[in-house]
Amino acid sequence: MADSDYSQKDFIGEQVKHEDVVTITRVRSDRVFYRQFIRDPNQAKTSGHPRWYGDKFDLKDDQTWTEPDEVHHVPFTTKKGRQLTVTISGWKQMLMRGTKNYKMNNHPFTLLQIVVRDQERNSIWKPMWLIVIGSRRDELSLVDCYQCYRQRYDMEHLFRFGKQRLLMTSYLTPDVHHEENWFKLTLLSYVNLWAARKLAVVLPRDWEQYLKTNKSIKITPSLVQRDFSRIITTLGTFAKFPKRRGFSSGRIKGYKKAPRTRHDVIKKGSKKSTENLKAP
């Protein structure tokens, strides 16, 4: 699952190379797609380049929309007891424009429109558009795709908490293997916070008076981390004290470590300056 920044062909074109990967991305409401052109078998073949793209499908122009291939209505209740209905419409065999490096005409996808309505059939928010692409996308129903994308919001909270409280991006190393190990450690620490949620005691700050009076406060990972030092002292440890097993010989005399390869610094958002070329 990814947001609209990853709905471009340079990202999706790399994901479709993996057979067992199904990518679900959100797209902006001003994108333009096309129906896959299917030639009539009784029509005679013509010379020239074969036609790939069919009718235009403009997300901001409902006049270009065709009848969806599937429609599902899913009722659900919010935490405040509000009754809502999610209408999921799906168009199959859709295409986006490709480039020389990414032949997107060979990779059709399923386009989803998500509309949330209340009991009076009034739309609550703007329609959300999703792309489901991958060779195994038909194994997922429209409801499965919608529910999978909803999990992305939980992932965003995890990344925000991990970066701010678990030092997820604080370890700087040029070795990818070391960085992956550190990332796994931060995820294990998050799992420990979840496992200890029933042992945690709410420790409000001086300015958090509402936590003292609220008996049914929800235990968040931040509150568990605040009380985790007390929790680990009650659990104990099976680890033994370290013992010295001799002294390291160190590097061999005359050994010279090869310097690391120097790479150019990539700055986010920087654009190459173009010079004004004059005609000769």
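Only a predicted model underlies this, so the values are computations on that prediction, with no experimental measurement involved.

Q: Provide a residue-level description of the environment of Ser222, including the pertinent values.
A: Structurally, Ser222 can be placed in helix H5 (residues 221-226). Separated by 112 residues in the primary sequence, Ser222 and Thr110 have C-alpha atoms spaced 39 Å apart. If near-sequence neighbours (up to four positions away) are discounted, Ser222 is found in contact with Phe161 and Arg165.

Q: I'd like to hear about the pattern of salt bridges, residue by residue, with values.
A: With the rule as written, the count across this model stands at ten salt bridges. Its salt-bridge partner being Asp20, residue Arg136 comes within 3.2 Å of it at the nearest N-O pair. Of the two residues, Arg136 sits in the loop between strand S7 (128-133) and helix H2 (142-165) while Asp20 sits in the loop between helix H1 (9-15) and strand S1 (23-27), which places them 116 residues apart along the sequence. With a relative accessible area of 36%, Arg136 lands in the partly exposed category. One network of salt bridges, with partners in common, ties together Asp20, Arg136 and Glu139.

Q: Explain the domain arrangement of the protein residue by residue, including any values.
A: Each assigned domain of the protein is listed here: domain 1 (2-38 + 49-140) and domain 2 (176-235). Summarising the inter-unit geometry, the C-alpha centres of domain 1 and domain 2 are found 38 Å apart.

Conventions used here
Residues numbered from 1 in each chain as written. Predicted model: local features only at pLDDT ≥ 70, side-chain atom pairs only at ≥ 80, totals over all residues. Heavy atoms only, no water. Helix = DSSP H or I, 4+ residues; strand = E, 2+ residues; numbered from the N terminus. Contact = heavy atoms within 4.5 Å. Salt bridge = Lys/Arg side-chain N within 4 Å of Asp/Glu carboxyl O. Buried < 20%, exposed > 50% of the residue type's maximum accessible area, 1.4 Å probe, protein only. Domains from an automatic or database assignment.

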